[in-house]
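Examination of the molecular architecture
Next come the chains, spelled out residue by residue.
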Amino acid sequence: MSELRFDGRVAVVTGAGHGLGRRHALELAARGAKVVVNDLGGDRSGSGVSSGPAQQVVDEIVKNGGEAVASPDNVATPEGAQAIVQAALETFGKLDIVVNNAGILRDKSFKNMTVEEWDTVIAVHLRGSFLVSNAAWPHLREQGYGRIVNTSSPAGLFGNFGQANYSTAKMGLVGFTKTLAHEGAKYDIKANAIAPVAWTRMTEDLLPAESAEVLSVDKVTPLVAYLVHEDNPSSGEVYTVGGGRIARIIVAEGPGWTKKDGLTVEDVAANWEQINAEEPFIVPRNPMEQMAPLMQALQ
Ligand code: NAI
């Protein structure tokens with residue numbers, strides 16, 4: 001298979017000063033993309049600001065013969081998101097690819113979670129992905145081409161102790177991705193999400209130290225690069241990726257149980273097992289497809 005290249009493409013990667021985002025930026029640049037390396041430069045909890053991490057990644061890209069510009073802006077503010085997109089337009093004249101990757105953690109059991117911890121995490125992951133995509137959207141639509149990857153998480157898809165704020169934001173990104181896929185279809189804008197696992201500063205005290213190599217960030221980036229390539233045929237999907245394994249995660253609906261008339265609480269109790277049955281399942285692509293089994297049952 002011939003090498004998948006990004007010559008002539010311009011990409012924004014948010015949170016690209018460290019970890020996964022840094023790896024995505026380096027890979028896209030190595031394959032010919034011009035890259036806006038965004039990073040606010042704070043610590044793992046989002047405290048502090050520094051232009052250092054974004055600039056270091058830009059320097060690395062340039063040293064390797066690529067093209068990149070640093071954007072030390074905050075994805076969580078409309079001005080910051082606009083500045084990130086403007087950096088692409090002003091420096092490289094266009095924008096094709098958005099990788100929403102910036103993220104922070106403020107883990108706390110739900111009992112102890114403060115409003116501030118909730119708001120800050122939602123602001124960076126969910127609002128930040130919205131704001132950057134929203135700033136990019138008119139340009140992608142106008143040129144009739146775009147690729148967006150949002151970074152979800154297994155914690156969002158399946159829930160995780162101590163991460164009510166984070167998992168809410170990450171599952172929110174699934175709905176966001178699926179709707180962007182619907183609205184972008186007409187303009188060849190494809191949006192997908194990843195739920196990665198990788199050893200980074202975000203997970204270094206959660207994952208065993210010996211998994212650093214097995215779960216290295218370079219085992220996540222190839223999927224992201226494919227999803228933002230023009231050859232990618234898929235949109236509105238979510239993929240789990242880590243350690244070299246990639247799988248599609250589906251939102252499925254079981255066969256269910258129907259009683260057209262006179263449904264009672266006791267009916268629900270008596271049929272609980274069938275209501276919870278997982279097979280055979282369907283994977284609806286839109287609300288109409290989801291309604292189809294009901295319509296059939298009512299006929
Ligand atoms: P990381 O902490 O190494 O990288 C996150 C980057 O985002 C940092 O460089 C940080 O400065 C930047 N950032 C934070 N707030 C920002 C803001 N407001 N504006 C601009 N940049 C900002 O962490 P990692 O692991 O590389 O995470 C990348 C993404 O992957 C995050 O969205 C994270 O939630 C997600 N993720 C990571 C997993 C893992 O196993 N490492 C698992 C599931 C999801």
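Residues numbered from 1 in each chain as written. Predicted model: local features only at pLDDT ≥ 70, side-chain atom pairs only at ≥ 80, totals over all residues. Heavy atoms only, no water.

- Taking an unreviewed UniProt entry as the reference, the protein is identified by name as NAD(P)-dependent dehydrogenase, short-chain alcohol dehydrogenase family belonging to Thermomonospora echinospora.
- Its UniProt record gives the protein a comment under Sequence similarities (unreviewed entry), which states: "Belongs to the short-chain dehydrogenases/reductases (SDR) family." (UniProt positions renumbered as here; feature names shortened; annotations may be inferred.)

1. Description of the nonpolar core
- Of all hydrophobic cores here, the largest spans 36 residues; its most connected members are Val12, Val36, Leu95, Val132 and Ile148.
- Counting only elements with at least two residues in this core, the list comes to strand 1 (10–13), helix 3 (78–92), helix 4 (115–143), helix 6 (164–184) and strand 6 (189–196).
- Counting residues per element, this core draws most heavily on helix 4, at 9 residues. (Core = buried A, V, L, I, M, F, W, Y, C linked by side-chain atoms within 4.5 Å. Buried < 20%, exposed > 50% of the residue type's maximum accessible area, 1.4 Å probe, protein only. Helix = DSSP H or I, 4+ residues; strand = E, 2+ residues; numbered from the N terminus.)

2. Comments concerning the domain arrangement of the protein
- Assigned domains within the protein: domain 1 (10–249) and domain 2 (265–298).
- On a C-alpha basis, the centres of domain 1 and domain 2 stand 35 Å from each other. (Domains from an automatic or database assignment.)

3. Examining the site of the ligand
- The ligand sits among 30 residues. The nearest are Asp39, Asn74, Asn101, Tyr166 and Thr200.
- Between the ligand and the protein, one listed contact pairs an oxygen atom with a side-chain N or O atom of Thr200 at 2.5 Å.
- The side chain of Arg201 places a nitrogen or oxygen atom 2.8 Å from an oxygen atom of the ligand.
- Taking 830 Å² as the accessible area of the ligand by itself, protein coverage stands at 97%.
- When each cavity is represented as a set of grid points, the ligand is found to reside in the largest pocket.
- Where the shell around the ligand is concerned, the elements lending two or more residues are helix 1 (19–30), helix 4 and helix 6.
- Here the shell around the ligand is composed, by residue class, of 11 nonpolar, 15 polar and 4 charged. (Near = heavy atom within 4 Å. Polar contact = N/O pair within 3.5 Å; in protein donor to acceptor, adjacent residues only side chain to side chain. Areas by Shrake-Rupley, 256 points an atom, 1.4 Å probe, with all protein chains shown as cover. 1 Å grid on protein atoms, 1.4 Å probe; cavity = no way out; pocket = protein on both sides within 12 Å on 5 of 7 lines; lining within 4 Å. Sits in = over half its atoms within 2 Å of the grid points. Nonpolar A, V, L, I, M, F, W, Y, C, P; charged D, E, K, R; others polar.)

4. Here we look at the layout of surface pockets
- One number sums up the size of the largest pocket: a volume of about 870 Å³.
- Broken down by secondary-structure element, the contributors of at least two residues to the lining of the largest pocket are helix 1, helix 4, helix 5 (154–158) and helix 6.
- Taken together, the residues of the lining of the largest pocket break down into 17 nonpolar, 21 polar and 8 charged.
- Considering only enclosed or pocket space, the second largest pocket measures out at about 380 Å³ in volume.
- The wall of the second largest pocket is formed by 18 residues, among which Lys178, His182, Pro284, Arg285 and Asn286 lie closest to the centre.
- At the level of elements, helix 6, strand 8 (245–249) and helix 10 (287–298) are the ones that each hand at least two residues to the lining of the second largest pocket.
- The element that contributes the greatest number of residues to the lining of the second largest pocket is helix 6, accounting for 4 residues.
- Residues that form the lining of the second largest pocket fall into these classes: 9 nonpolar, 5 polar and 4 charged. (Points joined across faces, edges and corners; volume = space filled by probe spheres on them.)

5. Quick look at the side chain of Asn101
- One can find Asn101 in the loop between strand 4 (97–100) and helix 4.
- Looking at Asn101, its side chain comes within polar contact range of the main-chain oxygen of Gly15, at 3.0 Å.
- Among residues more than four places away in sequence, those in contact with Asn101 are Thr14, Gly15, Leu20, Gly21, His24 and Thr151. (Contact = heavy atoms within 4.5 Å.)

6. Structural notes on the UniProt feature "domain: Ketoreductase" (unreviewed entry) in the protein
- Per the UniProt annotation, the sites labelled "domain: Ketoreductase" (unreviewed entry) are residues 9–205.
- In the segment residues 9–205, helix accounts for 48% and strand for 16%; the C-alpha atoms at its two ends are 36 Å apart.

7. Structural notes on the sheet that holds strand 2 (residues 34–38)
- Read from one edge to the other, the open sheet built from 8 strands follows the order 3-2-1-4-5-6-7-8, with strand pairing classed as mixed. Two strands lie at the open edges of the sheet, namely strand 3 (67–71) and strand 8, each paired on one side alone. Between one strand and the next, the sheet's axes are offset by a mean angle of 20°, whatever the strand orientation.
- Both strand 2 and strand 3 contribute to a ladder of 5 bridges, which runs parallel. Within the sheet, the bridge partner assigned to Lys34 lies in strand 3 and is Glu67. (Pairing = 2+ DSSP bridges. Axes fitted to C-alpha atoms, helices over the stretch in contact; angles between N-to-C directions.)

8. Notes on the packing of aromatic side chains
- The full count for this structure, using the stated rule, is 0 aromatic pairs.
- In this structure, Arg9 packs its charged tip against the face of Tyr145, placed 3.9 Å from the ring centre. (Phe/Tyr/Trp six-rings, centres within 6.5 Å; stacked < 30°, edge-to-face > 60°. Lys NZ or Arg CZ within 6 Å of the ring centre and 35° of its normal.)

9. A look at a nonpolar patch on the surface
- On the surface, Met291, Leu294, Met295 and Leu298 cluster together into a nonpolar patch covering about 330 Å² of accessible area.
- Within the element layout of this structure, Met291 appears in helix 10. (Patch = residues over 30% accessible without salt bridge, like charges linked within 9 Å, V, L, I, M, F, W, Y side chains within 5 Å. Salt bridge = Lys/Arg side-chain N within 4 Å of Asp/Glu carboxyl O.)

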